[in-house]
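Observations on chain architecture
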Amino acid sequence: MSKRDDLIAKYADDIKTKIGETPNMDLLTKVTIGCGPSIYNKDASTVSGSDQSELDTVKKNFLIKKLGLSESQDLDGAIAAVMEKYGKSNRSKYRAVVYYLLTKHFGKESHYG
């Protein structure tokens, strides 16, 4: 298995164990690939749920630029809901998993079709 495949398996395990859902592996793979090289960087591969500037980056660069959402769609509320679902006490929130959950939250799976 490649390093990317290993990471995708780790993300799938996170979704199963920390969120209690069975991941859509095709979507998770596409979202992970969409994250690019950031998944290999220890700092860039995670999202800090308590760092407002990091959450703003998720909103601006992923939700608005990548998924094409607008500010009027309660983006902050969606990010907060995903952070709550992932577990506030969980320090390692993988970026690919956060993006996967946000994609599902907004029903934008077709964006990765």
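Before reading on, note that the structure itself is shown above.
Notes on the structure follow. (Residues numbered from 1 in each chain as written. Predicted model: local features only at pLDDT ≥ 70, side-chain atom pairs only at ≥ 80, totals over all residues. Heavy atoms only, no water.)

As a further point, take the nonpolar core. Formed by 34 residues in total, the largest nonpolar core has its most connected members in Tyr 11, Leu 63, Val 97, Val 98 and Leu 102. Counting only elements with at least two residues in this core, the list comes to α1 (3-19), α2 (25-34), α3 (52-66), α4 (75-86) and α5 (95-105). With seven residues, α5 is the single largest residue contributor to this core. Those residues within four positions of Val 98 in sequence are excluded, and the remaining contacts are Val 47, Val 82, Met 83, Tyr 86 and Lys 93. (Core = buried A, V, L, I, M, F, W, Y, C linked by side-chain atoms within 4.5 Å. Buried < 20%, exposed > 50% of the residue type's maximum accessible area, 1.4 Å probe, protein only. Helix = DSSP H or I, 4+ residues; strand = E, 2+ residues; numbered from the N terminus. Contact = heavy atoms within 4.5 Å.)

A few words on the side chain of Ser 38. Its location among the elements puts Ser 38 in the loop between α2 and β1 (46-47). Take Ser 38: its relative accessible area is 19%, and that puts it in the buried class. Each residue touching Ser 38, except ones within four places of it in the same chain, is listed here: Ala 44, Ser 45 and Arg 95.

Moving on: α1. Along its 17 residues, α1 runs 23 Å from first to last C-alpha, staying within 8% of the 24 Å computed at 1.5 Å per residue. All of the buried residues along α1 are Leu 7, Ile 8, Tyr 11, Ala 12, Asp 14, Ile 15 and Ile 19. The buried residues of α1 occupy an angular sector of 150 degrees when projected down its axis, which confines them to one face. For α1, the exposed residues lying more than 90 degrees away from the buried face are Lys 3 and Thr 17. The secondary structure elements touched by the buried residues of α1 are α2, α4, β2 (93-94) and α5. Downstream of α1 by a residue or two, Gly 20 has a phi angle that is positive, lying close to 80 degrees. (Expected span 1.5 Å × (residues − 1). Arc of directions from axis to C-beta.)

Looking now at the packing of aromatic side chains. Inspection of the entire model under this criterion finds two aromatic pairs. Centroid distance Tyr 11 to Tyr 94: 5.2 Å. Interplanar angle 50 degrees. Geometry classified as tilted. Here Tyr 94 lies in strand β2 and Tyr 11 lies in helix α1, a separation of 83 residues in the sequence. Note on Tyr 94: relative accessible area 15%, which makes it buried. Aromatic pair Phe 62 and Tyr 99: ring centres 4.0 Å apart, planes at 10 degrees, arrangement stacked. One end of the pair, Phe 62, is in helix α3; the other, Tyr 99, is in helix α5, and 37 residues separate them in sequence. Just as Phe 62 is buried, Tyr 99 falls in that class too. (Phe/Tyr/Trp six-rings, centres within 6.5 Å; stacked < 30°, edge-to-face > 60°.)

Our focus in this paragraph is the side chain of Ser 45. Within the element layout of this structure, Ser 45 appears in the loop between α2 and β1. Note on Ser 45: relative accessible area 8%, which makes it buried. Contact partners of Ser 45, with chain neighbours within four places excluded, come to Ser 38, Ile 39, Lys 93, Tyr 94 and Arg 95.

Any functional reading would require information beyond the geometric quantities listed.
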